[in-house]
Amino acid sequence: MKRIYAHRGVSSIRPENTIAAFKELSKTNVDWLETDISITSDEELFILHDDYLDRTTNISGAITTLNSAEVKKADAGSWFDSDFVNEHVPTVHETIDLINKQHLNVNIELKAVVADNANHLADVLVEKLNKEIDRLNPEVEVLISSFNPIMLLKLQRLKPELKYACLFKKETLDDDWNLYLQACHAQAIHVENKTLTKEKVQEFKKHGYEVNVWTVDDKARANQLFNWGVDGIFTNRAQEF
Ligand code: G3P
Ligand code: MG
């Protein structure tokens, strides 16, 4: 079955990784959400793609140096359009509630923690996420991914039963990709669309891996990838698929 993942929600028409972007999924045919998990200095989990709040909110700074009260006050919508001035940076807790309510499935991407106390915060991130995942309805399908194998292995110690994927950028996809997947007990490889070839897809499939490709907004390219045997694509344009 070919799968479509809404990359940071329906992020072409709503501010990425906000409740508005997640709610918009109910108007599409897509039931898989891809989203990114980060942690604050006071150890609360939020949904944020970048290490810093600067690009997608009206406040500045690394999330790991801000506390949850500061992050909760940030406007996460105005940068996209003034219509979304009331959007905030979602907590993981409220996002889990929304996933349950909207009957979504979820690809949780673990962001590598950038901080002086990175290893401690990373441990807390996976411990708290572990508890949040336990709050998901049993029918919700979960796929965990990361560019960082240490993050994957940390969560895997707590949740070995989940499905895991290793993420690669075109620059980091080297001949040792299979070492990463095997060491992380990953069942899927998530690779960048740019420069991906049919031969590469066939190589991943030959090794028995599920192959998901990011980010694909062009339908013709999506069809080509599916014809090559790709299992899923991440798109900002879920409303068109
Ligand atoms: O998980 C697919 C994609 O989200 C990976 O890249 O940087 O958008 O999180 P990024
Ligand atoms: Mg992501």
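This text follows the structure it describes.
The structure contained in this document is the topic of the report that follows. This one's a predicted model, so the numbers in the text were calculated from it and none came from an experiment.

Let's talk about the state of the cysteines
Item 1. Evaluation of the coordinates by the stated rule reveals 0 disulfides.
Item 2. C184 provides the cysteine sulfur closest to C166, a residue in no disulfide bond, and the two sulfurs are 4.0 Å apart.
Item 3. Judged by relative accessible area, which is 4%, C166 ranks as buried.
Item 4. Classification of C184 as buried rests on a relative accessible area of 1%.

What to know about helix α3 (residues 92-102)
Item 1. The set of residues buried in α3 consists of V92, T95, I96, L98, I99 and N100.
Item 2. Where α3 is buried, its residues touch α1 (19-23), β2 (32-39), β3 (45-47), β4 (105-110) and α4 (118-134).
Item 3. Just beyond α3, the residue with positive phi is H103, at close to 55°.

Focus on the coordination of the magnesium ion (ligand 2)
Item 1. The coordination sphere of the magnesium ion (ligand 2) contains the protein donors E34 (OE), D36 (OD) and E109 (OE), at a distance range of 1.9 to 2.2 Å.
Item 2. In the primary structure, the donors to the magnesium ion (ligand 2) are separated according to the pattern E-x1-D-x72-E. Taken together, the positions of D36 in strand β2 and E109 in strand β4 put the pair 73 residues apart, joining distant regions of the chain.
Item 3. Judged by relative accessible area, which is 1%, D36 ranks as buried.

Reading the values: rules and limits
Per chain, residues are indexed from 1 in the order of the written sequence. Each chain takes a letter, starting from A, and each ligand takes a number, starting from 1, following the order in which they are written. Since the coordinates come from a predicted model, pLDDT governs what is reported: local features require at least 70, and pairs of side-chain atoms require 80 or more to be given and counted, while whole-chain, interface and lining totals use all residues. In computing side-chain values, all of the structure's heavy atoms are included and hydrogens and water are not. The rule for a disulfide is simple: a pair of cysteine sulfur atoms within 2.5 Å. Here the term buried applies to any residue with accessible area under 20% of the maximum for its type, exposed to any over 50%, and partly exposed to those in between, with areas from a 1.4 Å probe on protein chains only. Strands are runs of DSSP state E lasting at least two residues, helices are runs of H or I lasting at least four, and both sets are numbered from the N terminus onward. Residue contacts are counted whenever heavy atoms from the two residues lie within 4.5 Å of one another. Each metal's donors comprise the N, O and S atoms found within 2.8 Å of it (within 3.2 Å for Na, K or Ca). Water is not part of the atom list, so some coordination spheres may appear incomplete.

It is worth stressing that arrangement in space is one thing and function is another; only the former is reported here.
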